[in-house]
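# Secondary and tertiary structure notes
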Amino acid sequence: MALPSYPSTNRNRTYIVEVLKVYLPKTGTVLETASGTGEHISFFCSQFPGIMWQPSDMSEDLFWAIRERLVAQNNVEPPVLIDLTKKNFRDLKSYVGLVNINMIHIAPWQACVGLFRLAEKYIKGDGFVYMYGPFRINGLHTSESNKNFDLSLKQKNPEWGVRDLEAVVTVAESFGFRCLCVHQMPANNKSVVFKKI
Ligand SMILES: C[S@@+](CC[C@H](N)C(=O)[O-])C[C@H]1O[C@@H](n2cnc3c(N)ncnc32)[C@H](O)[C@@H]1O
C-alpha cells in the first residue's frame, strides 16, 4: 500500500529543520505529538542523528506508516498513543523537548492545554516546546488564506480553528513555559518556541 503523505510536509520540512537547528540540544530524546503520517519525524531522524525521536499520535491508525517510514532509522522509538485532550499518559519518559506540527488548529482547544500540561510534567530541565502552524495575531488573521482556512476548519468542526498566539502563550505560561521566539515561516505559518522557565 502507498504510504499516506501530506503535500505540505515536503514544502515545510526543510524550513522547520532550520529553526530546530537553533534550539535542539545535541543529544537527548525529543517527543513529537500528533505525528500523523510520520513524514516529519522520519526527516528529523536523518537530520538530527544524535537525537532519539519518539513519535506519537492520538490514533493508532497511521502507526503502520510511521513504522514503515522509520524502519531504517536507529534513532527512533516505536510510536506511542498520546491523546492530548486526556489528562493521564502512560509509559512516558522524560524528554529534552516536544515538537508539535499542524495540530492545535485541527483539534479542540483542550488539546493545546493538554500539550502544555504534558510538557510541564515530562519535559525536563530547561527543555523546549516547538509549535508550527497558522496563528492569529492580536485577534487578526495574518492573511486572507488563513482566514478562509479558519472558516473551513470551523465548518468541519466548530471546536477547530486557527488559534490566537496570545492565548497559546497564556496557556504556556500557566504551565511554566515562556515564549522565547516567533519565526515567520512560508505560507503564512509560524514557528513558535517555548522554553521551560
Ligand atoms: C493535520 S495532521 C498533522 C500531522 C503531522 N504533524 C504533519 O504536520 O504532517 C493533525 C494530526 O493531529 C492529530 N491530533 C488531533 N487531535 C489530537 C489530540 N487530541 N492529541 C494528539 N494528536 C491529535 C491527528 O491524529 C493528526 O495526526
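Above: the structure in question.
Residues numbered from 1 in each chain as written. Predicted model: local features only at pLDDT ≥ 70, side-chain atom pairs only at ≥ 80, totals over all residues.

### Topic: helix H4 (residues 109–122)
For clarity, the cut-off: In this text, helices come from DSSP runs of H or I with a minimum length of four residues, and strands from runs of E with a minimum of two, each type numbered from the N-terminal end. Given a helix with a known number of residues, its expected span is that number minus one, times 1.5 Å. The burial label depends on the number of other C-beta atoms within 10 Å of a residue's C-beta. Counts of 20 or more mean buried, 12 or fewer mean exposed, and intermediate counts mean partly exposed, with C-beta atoms placed from the backbone. Throughout, a pair of residues is in contact if the C-beta atoms placed from their backbones lie within 7 Å.
The end-to-end C-alpha separation of H4 is 20 Å, in line with the 20 Å expected for 14 residues at 1.5 Å each. If you check which residues of H4 are buried, you get Ala-111, Cys-112, Gly-114, Leu-115, Phe-116, Leu-118 and Ala-119. In this structure, the buried side of H4 is in contact with strand S1 (28–33), strand S5 (95–101), strand S6 (123–133), strand S8 (163–164), helix H6 (165–174) and strand S9 (177–185).

### Let's talk about unusual backbone geometry
Although it is not a glycine, Asn-138 sits at a positive phi angle of roughly 50 degrees. Here Asn-138 is to be found in the loop between strand S7 (135–136) and helix H5 (144–156). A residue is classified by how many C-beta atoms lie within 10 Å of it, and Asn-138, with 8 of them, is exposed.

### Notes on the packing of H4 against H6
The test is simple: Between N-to-C directions, angles cover 0 to 180 degrees, with each direction set by a line fitted to C-alpha atoms, over the stretch in contact for helices. Note on convention: near helix rotated counterclockwise from far helix by under a right angle means a left-handed crossing. Clockwise means right-handed. Ten residue types, Ala, Val, Leu, Ile, Met, Phe, Trp, Tyr, Cys and Pro, are classed as nonpolar, four, Asp, Glu, Lys and Arg, as charged, and the remainder, Gly among them, as polar.
Running from N to C, H4 and H6 cross one another at 35 degrees; their axes reach a closest spacing of 9 Å. Helix-helix and strand crossings are classified by hand; for H4 and H6 the assignment is right-handed. Judged by residue contacts, Cys-112, Val-113 and Phe-116 of H4 engage Val-168, Val-171 and Ala-172 from H6. Residue composition of the contact of H4 with H6, by class: six nonpolar, no polar and no charged.

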